[in-house]
Structures are given as structure tokens and as C-alpha cells.
Amino acid sequence: MKVQLENITLAYGEATAIDRLSVTVEDGESLVLLGKSGCGKTSTMRCVAGLETPTGGRITIGDTVVFDGERGVRVAPNKRNVGMVFQSYAVWPHRTIFQNVAFPLQQQRLPKAEIRERVADVLALVGLTEYAERGASLLSGGQMQRVALARSLVMRPSVLLLDEPLSNLDARLRDRLRVELREIQQRLGLTCVYVTHDQSEALALADRIALMQGGRIVQIDRPEKIYDAPSSAAIADFLGVSNIFPCAPAGPGSAPATYRLTGHATEVTSDTPAAGTGKDPRVCIRPEDIRLTGEPATGANSWPGRVDVVSFQGSYVRYRVSLKDGPELDAVVPRRATRMLDVGTPVWASADPDAVQILPAEVPA
Ligand SMILES: Nc1ncnc2c1ncn2[C@@H]1O[C@H](COP(=O)(O)OP(=O)(O)OP(=O)(O)O)[C@@H](O)[C@H]1O
Ligand SMILES: [Mg+2]
């Protein structure tokens, strides 16, 4: 079901947690909220769930206005049909899995047969059928998180809010559950809002990503669009662009334009037009767009340096290269592309001008 937030503001005393935030989550869409700690992600979810009362604005779920500051509308949390899954699983350890998942339905006093059927359905969906009669204290972290998910799904929520549901799990389990979650969301056509700190989780789960900063959304788009064209260096940083340097135009500002890195002799040429980068521009280059060669590359952006750190990552190798008269660069090279370089090897690092983005440090809020 479509969820619409219009001009939502939320203050805790003097502090503004959400600042005139507007966004529409389409029916069946998975929207991921991404942003620094304290930028207002959890607060936004709590407002949708009705656990927090905004200072102003309007929230609509489907065709129902559930909050309207001006008209004094405020629908109670349990009447909104919104499911929430948090970082901490909140599973009752002394009950069985069946009892944990059945609880919200028993509260609604549904017939026993219907409860049994609905619980069996969601346990199958999250892959816990064989564990139904097991005590919840005997579960692993990943299984508990599935119980929490099943307990939300059994209510057949029109909107599911997930606040870092996988962050307590180890990396492999997180990877697996992420794919399962995406599958369940797409299969059921669930409207989801998902909060995470993890960029690869965001990219994998989102139909659209909303980047938040200071209680506002500063960029919202499809994952591949944000990945290719972040609107600020702060956003690029969030999406794994590890080469970010303050810079100043070295010449007249037309594309291709040359910049000098602040505090260094290094010059960088970019295809991005110099316009619109404001007072505080940054050179941003993805580590996978840096090439390492034994000879200088032809054309712009070839810098001499030496390998400082080599880190083998399986399918790729991550290098840190210190440039002569320049900063350190991160380079990510596919394992099979070249033989591995040793620490201390002199190299030339290069990047195509179209892989160099000049972005403002932050989008003005
Ligand atoms: N109950 C509260 N009382 C006072 N201030 C609060 C309360 N809850 C949150 N805040 C403040 O509101 C702002 C937004 O908090 P919120 O929890 O929404 O951030 P977040 O984006 O979820 O952060 P994190 O990634 O750390 O979970 C923060 O500055 C926080 O300190
Ligand atoms: Mg939070």
C-alpha cells in the first residue's frame, strides 16, 4: 500500500530530528533510508508506525490519512496495519516459535484453525517450518531474526518497516538473509521501508534509495542512478567511493576541467563540468576506476607512486598507493587482471577523466 509523507517535522525538545521531510513510497516498493547516525532514519519510521507524533505534516497510508498535524488526525499505531522489525529481535525465549509468531493473532482472538494455518504459512515463507515447536531460546541469531520477521508478516501488514534488522548477524548470514528478504518482499509485493548503514545491503534491497542528512532527504533515486551520480561527496563516501580529496580549479572552469588537490602538487582532469560544485569541491574517484601499470598511461590523469599496502580480498585485490607529491589512493583490481604487486613496487596510477567526479562536499540542506 502506498505511503505518503508530506512535510513531516519532528522535534525532541529543541532538537529537530526530522525537518519538513516529504517522500512517497509506491505500492509494492522497497525504499531504503541511508544516512549517517543521527540523521533521522529511525525517527521517520517511528512516525509512520505511529510511535512518535510529528510536530507537523501529514502521513497517508493507502487512502487513509493516519496523521495530520493541522486537522488533528492521529490514528493509533495498532490501527495502522504497519509491521515493524528492529535490530533487536524481541523474541520471547520461553515460548516456542509457533507461540511467538501466533501471539499477535491470538491477541486479535482469531479462530484457532485460522491461526494455525497463517502461522504455518509464514513459517514456511521464512524457512522455519521444522522449528515450530522448538523453544525460542534455542535459536541462532539468524533464526531469531526470521521469527521476528514472521511475527510481523503474520499480521499481513500493508507496510513493513525494517530498522537495521540484520545488523546483529555475521556477514555470511546477513548476505543470505538479505537475498531472502528481497525475495519475500518481491513475492508478496510488500511495501517496505528499510533502514541500513550498509551500502551493499542498500543497493541489494532497494527499488529506490533515499539519502538522509540532518532530518531531510537530500537525494532519492534508483540504486544504480545514485551509484553512478551521487549528488555530493558525502553521499559518494556512503556508497564506497574511498578516494575523496578537497581540490580547487587549476584553470578556467569548462569541461574537461583540471583541479589541483589541496595541499598537493597532483592535478586531476575531470569530464564533469566545473559548474555547480559550489565553494567546497571534492575530487571523487571510485577505487575500481583506478588502474595500476608499470608505465605512465597516455592522456590525462597518470600519477607516479608506490604500493604501500596490499590486501588480498579473494576475487579482487585492494591496494593503497602513495602518490609522489600527492595523497594516498585506494585501488581495487580484479584478481585475474594482473599478477599481484608487492609492497614497495613503483607504479603509475591512472583514471579516465570520465571516472573523475567533482562534487560539492555536501548538498546544502
Ligand atoms: N527520544 C529522543 N529524545 C531526544 N532526542 C532524540 C530521541 N530519539 C532520537 N533523538 C535525536 O533525534 C535525531 C535523529 O535520531 P534517529 O534515531 O532518528 O537517528 P538514526 O538516523 O536512526 O540514527 P542511527 O543510525 O544511529 O540509528 C538524533 O539527533 C537523536 O539524537
Ligand atoms: Mg536508528
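The name given to the chain in an unreviewed UniProt entry is ABC-type quaternary amine transporter, with Streptomyces harbinensis as the source organism.

Caption draft 1: The arrangement of the pairing of strand S10 (residues 208-213) in detail. With five of six residues buried, S10 is to be regarded as a mostly interior element. Pairing of S10 with strand S11 (residues 216-221) involves five bridges; the strand directions are antiparallel. When the bridges of S11 are listed, Leu211 appears paired with Gln219. Between S10 and S11, which pair antiparallel one after the other, the connecting turn spans two residues, and Gly214 there sits at a positive phi close to 55°.

Caption draft 2: Looking closely at unusual backbone geometry. The residue Arg156 is not glycine, and still its phi comes out positive at about 50°. Inspection of the secondary structure puts Arg156 in the loop between helix H4 (141-153) and strand S8 (159-163). Its relative accessible area of 52% is what places Arg156 among the exposed residues. The backbone of Asp325 shows a phi angle near 55°, a positive value even though the residue is not glycine. As for its placement among the helices and strands, Asp325 is situated in the loop between strand S18 (316-323) and strand S19 (328-334).

Caption draft 3: Structural context of the pattern of salt bridges. Taken as a whole and assessed by the stated rule, the structure comprises 24 salt bridges. The shortest N-O distance in the salt bridge between Arg178 and Glu201 comes to 3.8 Å. Here the residue Arg178 occupies a position in helix H5 (residues 171-188), and Glu201 occupies one in helix H6 (residues 199-205), the gap between them amounting to 23 residues. For the pair formed by Arg178 and Glu201, the shared burial category is buried.

Caption draft 4: How the structure looks around the side chain of Ser350. Within the secondary structure, Ser350 is located in strand S20 (residues 346-350). Those residues in contact with Ser350, other than ones at most four positions away along the chain, are Asp289, Ile290, Arg291, Ala297, Asn301, Ser302 and Trp303.

Caption draft 5: Here's a closer look at the domain arrangement of the chain. What the domain assignment reports for the chain is domain 1 (3-228) and domain 2 (242-360). Centre-to-centre, using C-alpha coordinates, domain 1 lies 39 Å away from domain 2.

Caption draft 6: Representation of the packing of helix H2 (residues 97-107) against helix H3 (residues 112-125). In the contact formed by H2 and H3, the axes pass within 10 Å of each other and the chain directions differ by 125°. The orientation of H2 with respect to H3, classified from their angle, is oblique. You can see that H2 and H3 cross each other, and the crossing is right-handed. Taken together, the residues of H3 that come into contact with H2 (itself represented by Ile97, Phe98, Val101, Ala102, Leu105 and Gln106) are Ile115, Arg116, Arg118, Val119, Val122 and Leu123.

Caption draft 7: Looking closely at helix H1 (residues 41-49). Across the nine residues that make up H1, a large majority, seven, are buried. Of the residues trailing H1, Gly50 is marked for its positive phi of about 90°.

Caption draft 8: Focus on the packing of aromatic side chains. Applying the stated rule across the entire model yields one aromatic pair. Seen in terms of ring centroids, Trp92 and Phe103 are 4.7 Å apart; in terms of plane orientation they differ by 70°. Their pairing is edge-to-face. Of this pair, Trp92 sits in the loop between strand S7 (82-85) and H2 while Phe103 sits in helix H2; the two residues are eleven residues apart in sequence, bridging distant segments of the chain. With a relative accessible area of 33%, Trp92 lands in the partly exposed category. Given a relative accessible area of 26%, Phe103 falls into the partly exposed group. Just above the ring of Trp92 sits the side chain of Arg95; from NZ or CZ to the centre is 4.7 Å. The ring centre of Trp92 lies 4.9 Å from the NZ or CZ of Arg151, which sits over that ring.

What counts as what
- All chains use their own residue numbering, which begins from 1 and follows the written sequence.
- All chains are assigned letters beginning with A, and all ligands numbers beginning with 1, in the order in which they are written.
- In keeping with the predicted nature of the model, local features appear solely for residues at pLDDT of at least 70, side-chain atom pairs appear and are counted solely at 80 or more, and the whole-chain, interface and lining totals rest on all residues.
- Only hydrogens and water are set aside; all other atoms, that is, all heavy atoms of the structure, feed into the side-chain values.
- Three exposure classes are used, based on accessible area relative to the maximum for each residue type with a 1.4 Å probe and protein chains only: buried under 20%, partly exposed in between, and exposed over 50%.
- Numbering of helices and strands runs from the N terminus; a helix is a DSSP stretch of H or I covering at least four residues, while a strand is a stretch of E covering at least two.
- A pair of strands is considered paired only if DSSP assigns at least 2 bridges between the two.
- By convention in these notes, a salt bridge is any Lys or Arg side-chain nitrogen within 4 Å of a carboxyl oxygen on Asp or Glu.
- In what follows, residue pairs with any heavy atoms lying within 4.5 Å of each other are defined as contacts.
- An automatic or database domain assignment provides the domain bounds reported here.
- Angles run from 0 to 180 degrees between N-to-C directions of axes, and those axes are lines fitted to C-alpha atoms, restricted for helices to the stretch in contact.
- In this scheme, roughly parallel covers angles under 35 degrees and roughly antiparallel covers those over 145, while 65 to 115 is roughly perpendicular and the rest are oblique.
- Whether a crossing is left-handed or right-handed is set by the direction in which the near helix is turned from the far one by less than a right angle, anticlockwise for left-handed and clockwise for right-handed.
- The criterion for an aromatic pair is that two Phe, Tyr or Trp rings (for Trp, the six-membered ring) have centres within 6.5 Å, with stacked assigned to planes under 30 degrees apart, edge-to-face to planes over 60 apart and tilted to the rest.
- A ring has a charge above it when a Lys NZ or an Arg CZ is no more than 6 Å from the ring centre and no more than 35 degrees off the ring normal.

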